[in-house]
Structure formats: C-alpha cells, structure tokens
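Structural overview
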Amino acid sequence: MTRTLTLIAGAALGLNGASAQTDSDRAYAAELRADAANRTSLLQAGTAGHDGNFFISDGTGNFRLNIAGNIQFQYNLNFRDDDAGAGNDDDDFTNGFELNRTTLDFFGNVITPDTFFKIRGEFSEVDGDGESGGGQGTFELEDAFIKHHFNDNWYGIAGQIRVPMLWEEFGVDNQFQLAAERSLTNEVFNAGYSQGIGLGYRDDTIGFIVAFDDGAQTNNTTFFGANNEADYAITGRFDWKIQGDWTQFEDFTSFRNTEGVAARIGAGVHWQENGDTGAFSGSTPASTADFGLLLYTVDAQIEGPGWNLFGAFIGRYIDFDGVTGVGGEEEANDFGFVVQGGFFVADQVELFARYDGVFPDDDFYAADEDFQTLTFGGNYYITSNSHAAKFTTDVQIFLDETTDSALVNGGGV
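Residues numbered from 1 in each chain as written. Predicted model: local features only at pLDDT ≥ 70, side-chain atom pairs only at ≥ 80, totals over all residues. Heavy atoms only, no water.

1. Here we look at the overall build of the protein chain
- For the protein chain, the count of helices and strands is four helices and 20 strands.
- Burial statistics for the protein chain: of 413 residues in total, 42% are counted as buried.
- As displayed, the protein chain has an accessible area near 20600 Å², and 58% of this comes from carbon and sulfur atoms. (Helix = DSSP H or I, 4+ residues; strand = E, 2+ residues; numbered from the N terminus. Buried < 20%, exposed > 50% of the residue type's maximum accessible area, 1.4 Å probe, protein only. Areas by Shrake-Rupley, 256 points an atom, 1.4 Å probe, with all protein chains shown as cover.)

2. What to know about the confidence of the model for the protein chain
- Looking at the protein chain, pLDDT values average 82 and 79% of them are 70 or higher.
- Counting interchain partners and residues more than four positions distant, the pLDDT-below-50 stretch residues 1–25 has 67 contacts.
- Here residues 127–134 scores under 50 on pLDDT; set against residues more than four positions off or in separate chains, the count is 25 contacts. (pLDDT = per-residue confidence, 0-100. Contact = heavy atoms within 4.5 Å.)

3. Here's the deal with the pattern of salt bridges
- For the coordinates displayed, the defined rule picks out 14 salt bridges.
- The partner of Arg237 in a salt bridge is Asp239, with the nearest N and O atoms 2.9 Å apart. Taken as a pair, Arg237 and Asp239 share a single burial class, namely buried.
- Where Arg316 meets Asp334, a salt bridge forms, and the shortest distance between an N and an O atom there is 3.4 Å. Residue Arg316 is located in strand β16 (residues 307–319), and its partner Asp334 is located in strand β17 (residues 331–346); the two are separated by 18 residues in the primary sequence. Of the two residues, Arg316 and Asp334, neither departs from the other in class, the shared state being buried.
- Within the structure, one salt-bridge network assembled from shared partners comprises Asp105, Arg120, Arg162, Glu169, Asp173 and Arg182. (Salt bridge = Lys/Arg side-chain N within 4 Å of Asp/Glu carboxyl O.)

4. Examining the nonpolar core
- Ranked by size, the top nonpolar core spans 18 residues in total, and within it Phe189, Leu293 and Leu407 carry the most contacts.
- Listed by contribution, the elements that provide at least two residues to this core are α3 (184–189), β15 (291–304) and β16.
- No other element matches the three residues that β15 contributes to this core.
- In terms of nonpolar packing, the next biggest core, distinct from the first, is built from twelve residues, Trp246, Phe252, Val338 and Phe352 among them. (Core = buried A, V, L, I, M, F, W, Y, C linked by side-chain atoms within 4.5 Å.)

5. Focus: the pairing of β17
- Where β16 lies against β17, 13 bridges are found, and the strand directions are antiparallel. Bridging from a neighbouring strand, Tyr317 pairs with Asn333 of β17.
- Pairing between β17 and strand β18 (residues 349–359): eleven bridges, direction antiparallel. Each residue of the ladder has a partner; that of Phe343, found in β18, is Leu351.
- The hairpin formed by β17 and β18 contains two residues between the paired strands. (Pairing = 2+ DSSP bridges.)

6. Looking at the environment of Glu330
- Among the structural elements, Glu330 can be located in the loop between β16 and β17.
- For the pair Glu330 and Ile318, spaced twelve residues apart in sequence, the C-alpha to C-alpha distance is 8.3 Å.

7. Observations regarding a nonpolar patch on the surface
- Residues Phe54, Ile56, Ile67, Leu104, Phe106, Ile119, Phe123, Phe139 and Leu141 make up a contiguous nonpolar surface patch of about 720 Å² in total accessible area.
- Residue assignment for the nonpolar patch shows that the elements contributing at least two residues are β3 (54–57), β5 (93–109), β6 (115–123) and β7 (139–149).
- Relative to the helices and strands, Leu141 is located in strand β7.
- For Leu141, a relative accessible area of 34% puts it in the partly exposed group. (Patch = residues over 30% accessible without salt bridge, like charges linked within 9 Å, V, L, I, M, F, W, Y side chains within 5 Å.)

8. Quick look at the packing of aromatic side chains
- Taken as a whole, this structure holds 21 aromatic pairs when the rule is applied.
- Plain terms: the ring middles of Phe73 and Phe97 are 5.6 Å apart, the flat faces sit at 5° to each other, and that makes the pair stacked. Of this pair, Phe73 sits in strand β4 (residues 64–79) while Phe97 sits in strand β5, and the two are 24 residues apart along the sequence.
- Ring geometry for Phe255 and Phe344: centres 5.5 Å apart, planes at 50°, overall tilted. Placement of Phe255 in the loop between β11 (232–243) and β12 (262–274) and of Phe344 in strand β17 is noted, with a sequence separation of 89 residues between them.
- On the basis of relative accessibility, which here comes to 9%, the residue Phe255 falls in the buried class.
- On the accessibility criterion, Phe344 (1% relative accessible area) is buried.
- Taken together, Tyr296, Phe313, Phe335, Phe337 and Phe359 form an aromatic cluster joined through their ring pairs.
- The side chain of Arg202 reaches across the aromatic face of Trp246, ending 4.4 Å from its centre. (Phe/Tyr/Trp six-rings, centres within 6.5 Å; stacked < 30°, edge-to-face > 60°. Lys NZ or Arg CZ within 6 Å of the ring centre and 35° of its normal.)

9. A short note on the environment of Asn70
- With respect to the helices and strands, the residue Asn70 is situated in strand β4.
- In sequence terms Asn70 and Thr102 are 32 residues apart; their C-alpha atoms lie 5.6 Å from each other.

As structure tokens, then:
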C-alpha cells in the first residue's frame, strides 16, 4: 500500500507600467508626446508579461514564446507483505521524499499563429519515473514538435510526441490527473513517446488523428536506434464529443462552477512491425527483435458541475515470430481496464477513487496472474477552479502479488 502526498506549485506575477503627462510647459509636453509615441512603437515591436502563461511576443502575435513548468514533490509511505522469509522484516516498509516530476515547457508560435511549436524536457529521477528513464536528475527531451493548422479544422504535426493512443496518457497531461500518478494499467500498456508525422482533424463534434511513426517507446532515438525502432508504425485515434467543449476533456477534474454536462467517447489503434530496422555495428546491421504489435483501446469520459467519471478498456496483441510462451504459442493477448471518478465535497476539496487491472495471457507467460489496484484519495486546490497549485493525498492498494504478473514486472510495451 502506498500513501502519497504531492504538491504541484506554480506562481504568476504580472507587472504593468504607466506614464504621466503635465501641461505646465508646452515644449516639455511635446517632448513627452514624442517619447510616448516612441514607447508605443517599441511596445508594438515586442511585448512580455503574464496572461495565463509567462510570455515574450512581438506586437503582432505572429511570434510568441510561452514559458511554463511543473514541479511534483511527494512523500511516500510504502507497506508490503514480504514473504521472502525471516530476516527481511526491515524490507516491509519504505518511506521518504521524492521529487517525482520536474518539467520545463517552451511553446508558442512562429511566423503565424497557425504554426505552433512545443519543447518539453524533464529532470529525471535517480531510479527513473517510467517516462524519461533514470539518470541522477538528467534533463531529458520529451515533447519536441511543430503543429501547423491549415484551417479551422485540419492540422499537421511533425516531431516527437506522445503516441495518440491512450487518453489517460495522450489526452490528459501530468498535472491534470486525479491521482498523484496515472494508473498502473496505463504504465503497462501506454506507447509513450515516438517520432513521426501526423494529420489531424477536429470540428465541433468529432476529432481524429492518423500518425506514421517509429513505434512505441522510441523517444530520443536515431532512425537506426538499438531500442524498439520499428520498421513502420501507424497510429490512429478517433473521438466523438457528444456534448460540452473539447477543452473540458483536457483534465479529469470538473470544478463546481462548470456549466452543463460534457461527454466524450473515443477509440484508438496502433500497429507496428519490428525486425528489419535496427542498430549498426560499424557498417553491419545488428540483430533486432522480430515481432508485430497491435494496441487498441476504447474509452469514455463524462463530467458535470463538481463531478467526473472516466473508463477505458485496453487490449494488446503481440506476434513474437518464433518466440514461444509456456503454452507453445507465439502470440500473446493481454488486456487492461481503468475506471475512476471524482466528486467535490467543497469548492476546493475533491475526493476520488480508481480501479485498474492488468490481465496477462495465461497461455504465454509463466507469471500469468492478474494484477489489480485500488486507489482512493483527495485533492485540495489552493486556488479555486485552478490547477496552478494543489495538494494530493492518495492511497494505492495492490490486490495481487507483483511477482506473479509478468506484465507488471516487465512494465510498458
């Protein structure tokens, strides 16, 4: 069981200046007017300040740089039922502080407001956080992409992005989750970051994106990388907004002042083939794992004034091509579920609960037991109706043995 206290803090400061004019002397007034005109010209040439984001911009808005970040600081209490035998009682409890997530974001537009860019880096933990890997506080690249809107509906995207699959990972950013961390099911099945290109569309009712990329979990790799570099990978996601506004689904929280009910249903699919693309040793290609991977999901989200619900089903099929499991099969079908909800008991206090489960293919894995997790806790929003700073306390209970599930032990795709 894990009890987590998280503080996500941010601050905003805006400064405005004003000038005064006197009529005591005409010459002096003329000089002031000339100076004011010059200052106005400078302001039109470039501005800076805070309007929800710290920014630097030219006067036209065609060029703008926003600067943001996220700090997540935790105190963890971990209790375990240790069956390793006598002499291991001191391993049953672990506690301490953790700087779980520290990110810096640089985003904005260039040439025209229709051309958007984003660069995000994260200072990794010593033991890794499942997203950026380990590395004693190493600053590692996450998002790095350019997104151009051709018109009000169509857009293209190129660079390194989160694979547009699982809504919990792709659709809702770190600081907008209900619990301190995403579900364990998400961490097992999510495709992480990849490099590629995509074409997307969104109107008042539907949104979809199709991407051609390097495959799951291939962030910061070269095209001949030694990791999971795919021969090709295709990802597609479709969302139907039944009612509400698209921005309401960018977080899992729905504050009490929200107007009306918002509802969305979505689905995603990802297919990749591996085996030919791989690392080079000198001029000779190194051997690479040969497999096919299919990920698919269906999810739904509904929220109203002071309450929210989310659910997702996730499936994964892997064709290992020559590698057999315990039942002699070369294929594995794994599944996962996530169900969660939150409710405000006061304007700044939100309670939440979550169930998620991972279900491995028992015909392939030796450690084939299901793994289920219960999470419940609460959020205190320091500023009403804002994610700028909040305290999160949650309790996570593992209902099954971690050693009995190959997917939980291996993690990820």
